[in-house]
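Survey of secondary and tertiary structure
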Protein chains: 2
Amino acid sequence: MKIGIYGYGNLGRGVESAAKYNTDIEIVGVFTRRDPKSVATLTGIPVYSASDILSFKDKIDVLILCGGSATDLPEITPALAGEFNVIDSFDTHAKIPEHFARVDKAAREGGKLALISAGWDPGLFSIARLYASSVLPSGKDYTFWGKGISQGHSDAIRRINGVLDARQYTVPVAEAMGAVREGKCPELSTREKHERVCYVVAKEGADLQRIEREIVTMPNYFADYNTTVNFISMEELKRDHSGMPHGGSVIRSGVTGLAGEHSHTVEFSLKLDSNPEFTASVIVAYARAISRLAARGEIGAKTVFDIAPADMSPMSGEEIRAHLL
Amino acid sequence: MKIGIYGYGNLGRGVESAAKYNTDIEIVGVFTRRDPKSVATLTGIPVYSASDILSFKDKIDVLILCGGSATDLPEITPALAGEFNVIDSFDTHAKIPEHFARVDKAAREGGKLALISAGWDPGLFSIARLYASSVLPSGKDYTFWGKGISQGHSDAIRRINGVLDARQYTVPVAEAMGAVREGKCPELSTREKHERVCYVVAKEGADLQRIEREIVTMPNYFADYNTTVNFISMEELKRDHSGMPHGGSVIRSGVTGLAGEHSHTVEFSLKLDSNPEFTASVIVAYARAISRLAARGEIGAKTVFDIAPADMSPMSGEEIRAHLL
């Protein structure tokens, strides 16, 4: 299976290194909007200009689009879905129906197959929500995120005057998770589900009280949460907070029995050292599935809901029935 | 969707009560090898003789086979797979390839669709193993069962001379699960993964030391485990141990990055008050999927690996993309 990587940030590098663990995958090249000469890949795979992508139409089975959801993917995925089988990790939940419709139209017109919103949320967490709600129709589900770095919240802190650098961890509230796991189906406010822990490097002489106040009162990002601000040195930030860990849990509890007398809890959890590398690993498994579905003649846009688990595995049907069932 | 229930034990009753939560399902009837007049259903659905099943060929979309894996399903599923779209919960892992082949042949000859081995293990746990191994190819997975009642082990104790009744709980060893969750990939012996806790009602005057010795030294069932035997009264057994709880966890940890420098842990866990009712709920969701796949013309044997998540949900593609992705 021949893969192209379109966009070479953390996610693109994750796809490149995932090829090491997926021996049925060959990476044809990285496509960048930067000067290709300025980009050095981890494993020496060739770098091409994004503007040359169409000359690779016959050389790539699946093109993995490694752009951001805010501005890149809403343009790139529909633009390329008519030319290649593509996968993206579009994660702006509220805009998924619109994105799906645009990608579906482009892919159908070009006779290609596209998978949008692959990764872990949306992605594996979405599947966990679907399985759990299908097998426990009478119930309630909860998604907790973290402990993990939120890039968006870290960026929001960095924009505050007097801040040199910052990392923000989203942390699920242990008591809330405990109550959910016990099947208590609590009503939880935003504040009761997650807290936010910030590590901030301030400019020398900056007013730390003002910076802290600006963080904890920031609407949408922090005001609805219990937020802790820790001022640390640049050395401490680099030493202790340079990773990109993340994770979380999807938990559904529900009842069965004629009188709803039996409770059940289904939980799917991830604990990730590297958010982009794990996301890339998920995407690569879906690239395998998309390549197989395309070979069967399927076209249009799909999501993770439409992919049978068997199509993600390098093993044959016989092997997975014998070893994993 | 019209469902038939073939076999009316705990699982059959679970399917019947699951219909309450799945309003797109109508149960046509229960089919029993006992005298139908001797069987009273929970919700008053009609009871027919199993020998009349073929006269319902045009009245049932999916027939759910609620028999045991030891002797019932190896005969019943291939015998009926040519006549109906069927689902079973065949769970003898080692014999799945043989069972699959026989059911596949029968279903293809009859132009019908069959799903074998639905439930939670095999079933949802199998899917968890497949997703986790596909997204983390370099890793190791573990399945822990319990805390839960094992019918097979409880039965084995009941066959000991001097035992009136017994319940056996399979209990995962907390330290082992902790080490796995931390990504330590330990090598675990059978004894290190699970322990067995027995509640036994002995006949008056029976030799309790002999009974305990016979339990803890029983080959295959108990000898390889740390086993605790508690003698209790029949009243205590009925009061405290009459439920059928079960559950467990599939945990895989694996690495990404060019040097395998990042670790990740994927966990899927179930905590079930009623093993048969939850299993039945899973089967009913797969009945929905089988009915849809059959309507699209698919035939032959399938497993849970072959079913796209979307086909299990009563919601439309638009709805699941908008609400669950």
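For the structure itself, consult the block above.
Now for a quick tour of the structure. Keep in mind that what you see is a predicted model, and the values were worked out from it rather than measured.

With respect to the relation of the copies chain A and chain B
Relating one copy of the chain to the other takes a rotation about an axis and a shift parallel to that axis. Mapping chain A onto chain B calls for a rotation angle of 180 degrees and an axial translation of 0.0 Å; the resulting RMSD is 0.0 Å. Both chain copies can therefore be described as sitting about a two-fold axis. Considering only C-alpha atoms, the part of chain A nearest the rotation axis is A:Ala308, at 1.9 Å. Interface overlap between copies: 100% of the residues of chain A at the interface are likewise at the interface in chain B, consistent with a symmetric, same-surface contact.

Remarks on the sheet that holds strand β12 (residues 246-256) of chain B
Strand order in the open sheet made by the six strands is β7(A)-β12(A)-β13(A)-β13(B)-β12(B)-β7(B), with antiparallel pairing throughout. The open sheet has two edge strands, β7 (139-145) of chain A together with β7 (139-145) of chain B, and neither has a second partner. Between one strand axis and the next, the sheet turns by 10 degrees as a mean value, whatever way the strands run. Note: strand β13 (residues 262-272) of chain A against strand β13 (residues 262-272) of chain B, nine bridges, orientation antiparallel. Bridge pairing in β13(B) places A:Glu267 opposite B:Ser269. Here helix α4 (residues 124-135) of chain A sits on the sheet in contact with β7, β12 (246-256) and β13 of chain A, set at roughly 5 degrees to β12(A). Most of the contacts of helix α6 (residues 174-181) of chain A go to β12(A), to which it runs at about 30 degrees, and overall it touches β7, β12 and β13 of chain A together with β13 of chain B.

Looking at the side chain of A:Arg288
Take A:Arg288: it is sitting in helix α10 (residues 275-295). Excluding residues within four positions of it along the chain, A:Arg288 makes contact with A:Met1, A:Asn22, A:Asp24, A:Ile25, A:Asp311, A:Met312, A:Ser313 and A:Pro314.

Quick look at the pattern of salt bridges
All names here are of chain A. A full pass over the atoms with the stated rule returns 38 salt bridges over all chains. With its nearest N and O atoms 3.1 Å apart, the salt bridge here joins Arg252 to Asp141. On the criterion of sequence distance, the pair formed by Arg252 in strand β12 and Asp141 in strand β7 is long-range, its members being 111 residues apart. Taking the relative accessible area as the measure of exposure, Arg252 reaches 7% and is therefore buried.

Brief notes about the environment of A:Ala259
Turning to its location among the elements, A:Ala259 is positioned in the loop between β12 and β13. Here A:Ala259 is in contact with B:Lys20 and B:Tyr21, once residues within four sequence places are set aside.

So, the pairing of strand β4 (residues 62-65) of chain A
All names here are of chain A. On β4, burial covers both faces: Val62 and Ile64 on one face and Leu63 and Leu65 on the other are all buried. Of the strand pairs in this sheet, strand β1 (residues 2-6) and β4 are connected by four bridges, and their pairing is parallel. Across the sheet, Ile3 pairs through a bridge with Val62, a residue of β4. Bridging between β4 and strand β5 (residues 86-88) involves three bridges; their strand directions are parallel. Of the residues in β5, the one forming a bridge with Leu65 is Asp88.

Some thoughts on the nonpolar core
A:Phe278, A:Tyr286, B:Phe278 and B:Tyr286 are the most contacted members of the largest nonpolar core, which has 156 residues in total. In this view, B:Tyr286 contacts A:Tyr131, B:Ile87, B:Leu115, B:Ala118, B:Ile127, B:Val304, B:Ile307 and B:Met312; residues no more than four positions away in its chain are not counted. In this structure, B:Ile160, B:Met218, B:Phe222 and B:Val229 belong to the second largest nonpolar core, which totals 14 residues.

Re the interface of chain A and chain B
Opposite the 68 residues of chain A that make contact, chain B presents 68 residues. The junction of chain A with chain B conceals about 5800 Å² of combined surface from both sides, 66% of it contributed by carbon and sulfur atoms. Among the residues chain A hides against chain B, the three largest losses belong to A:Tyr21, A:Leu258 and A:Leu325. Together they make up 14% of the total. For the interface between chain A and chain B, the tally reads zero salt bridges. When contributions to the side of chain A that touches chain B are tallied by element, the ones reaching two or more residues are α3 (96-110), α4, β12, β13, α10 and α11 (317-323) of chain A. Top contributing element to the side of chain A that touches chain B by residue count: β13(A), with eleven residues. For the side of chain A that touches chain B, the per-class residue count stands at 35 nonpolar, 21 polar and twelve charged.

Regarding the packing of aromatic side chains
For the coordinates displayed, the defined rule picks out twelve aromatic pairs over all chains. Ring centres 4.9 Å apart and planes at 80 degrees place the aromatic pair A:Phe31 and A:Phe56 in the edge-to-face group. Pair noted here: A:Phe31 is in strand β2 (residues 26-32) and A:Phe56 is in the loop between β3 (47-49) and β4, with a separation of 25 residues, a long-range link. Both residues of the pair, A:Phe31 and A:Phe56, count as buried. Ring geometry for A:Tyr48 versus A:Phe56: centroids 4.6 Å apart, planes at 50 degrees, classification tilted. Each member of the aromatic cluster is reached from another via a ring pair, and the members are A:Phe31, A:Tyr48 and A:Phe56. The aromatic ring of B:Phe100 is capped on one face by A:Arg321, whose charged end is 3.6 Å from the ring centroid. Positioned above the aromatic ring of B:Phe56, the side-chain terminus of B:Lys59 is 5.1 Å from the ring centre.

What counts, and at which threshold
- Residues numbered from 1 in each chain as written.
- Chains lettered and ligands numbered in written order.
- Predicted model: local features only at pLDDT ≥ 70, side-chain atom pairs only at ≥ 80, totals over all residues.
- Heavy atoms only, no water.
- Least-squares fit on C-alpha atoms with pLDDT ≥ 70 in both.
- Contact = heavy atoms within 4.5 Å.
- Pairing = 2+ DSSP bridges.
- Helix = DSSP H or I, 4+ residues; strand = E, 2+ residues; numbered from the N terminus.
- Axes fitted to C-alpha atoms, helices over the stretch in contact; angles between N-to-C directions.
- Salt bridge = Lys/Arg side-chain N within 4 Å of Asp/Glu carboxyl O.
- Buried < 20%, exposed > 50% of the residue type's maximum accessible area, 1.4 Å probe, protein only.
- Core = buried A, V, L, I, M, F, W, Y, C linked by side-chain atoms within 4.5 Å.
- Buried area = accessible area lost by both parts, 1.4 Å probe.
- Nonpolar A, V, L, I, M, F, W, Y, C, P; charged D, E, K, R; others polar.
- Phe/Tyr/Trp six-rings, centres within 6.5 Å; stacked < 30°, edge-to-face > 60°.
- Lys NZ or Arg CZ within 6 Å of the ring centre and 35° of its normal.

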